[in-house]
Amino acid sequence: MLILLPPSEGKAAAGDGPPVAGLSFPKLDRPRKRVLNALVRASRRRDALDVLGLSPGQAPELAKNLELQVAGTLPAGELYTGVLYDNLALGGLSPEARARAEESVLIFSGLWGVLRLADRIPPYRLAMGVTLPPVGPLAAFWRPLVTPELERLPGLVVDMRSSAYAAAWRPGARGVSVRVLKGGKVVSHMAKATRGEVARRLLESGHTPETPDELVKTLEDLGYRVTLTGGRLDVLLP
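Conventions used here
Residues numbered from 1 in each chain as written. Predicted model: local features only at pLDDT ≥ 70, side-chain atom pairs only at ≥ 80, totals over all residues. Heavy atoms only, no water. Helix = DSSP H or I, 4+ residues; strand = E, 2+ residues; numbered from the N terminus. Contact = heavy atoms within 4.5 Å. Pairing = 2+ DSSP bridges. Buried < 20%, exposed > 50% of the residue type's maximum accessible area, 1.4 Å probe, protein only. Arc of directions from axis to C-beta. Core = buried A, V, L, I, M, F, W, Y, C linked by side-chain atoms within 4.5 Å.

A. Quick peek at the side chain of R32. Note that R32 resides in helix α1 (residues 29-44). Among all residues touching R32, those that are not within four sequence positions of it are L23, S24, F25, L111, W112, V114, L115 and W142.

B. A look at the pairing of strand β11 (residues 225-229). Note that β11 and strand β12 (residues 232-237) share five bridges and pair antiparallel. Looking across to β12, one finds that R225 is bridged to L236. What sits between the antiparallel neighbours β11 and β12 is a turn of two residues, in which G230 has the positive phi angle 60°.

C. Structural detail: helix α6 (residues 95-104). When we look at burial in α6, the residues that qualify are A97, A101 and S104. An end-on view of α6 places all buried positions within 85° of arc, on one side of the element. Facing away from the buried surface of α6 by more than 90 degrees, the exposed residues are P95, E96 and E103. In this fold, the buried residues of α6 make contact with β1 (2-5), β3 (105-109) and α9 (189-205).

D. A look at the nonpolar core. Counting 80 residues, the largest nonpolar core has L52, Y80, L126 and L132 as its most contacted members. In this structure L52 touches L39, A42, S43, L62, N65, L126, V130 and L132, once residues within four positions along its chain are discounted.

What follows is the structure, encoded as structure tokens:
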């Protein structure tokens, strides 16, 4: 089973590890360097905030991008914060569940393409929805690069990503996209919390569903109300 997550805008402070090197999926290293260099250049521009889709209040984020090549690193599982990751609560997982997480959880990133939890990276600011000069739209840039890497990985794909990140790889028939509904309506803040909680409970359960129907059965056994329509699984909140 693979669990796909988006990154988060919220990130921890700089780590104390060595500069970034040796990430998972090494065939992505050259395009990662290309995006990183383009991001550094874009962050020096007078119109950097507009190019990167940032508000004036987010201007301090540009300094992080300028230090990317030398900044201290920490594991991706510790770097990303925010509602989804708070509810995933990686630090509270049992050793067995943590081992499953390190094998099955993949984090999509506008800068790095795709990561595993143990990959050490520095803080940065770059969303997948950005059109980064001269790279272009990042989802379209990453899609042909990450697809052959991820198609090699077996198992049911439980997709917790937001739409911008989902555009970077479509897992096809073996993928189940998780949506969260309350009163028949999609909810945003609560959706992030619920997705993080669902991912955590799947990892702690020790179950490895191999089909969408098995995933439904597992989640129902865990106390969730869910419906499956095609490749979309709706988690129904009370």
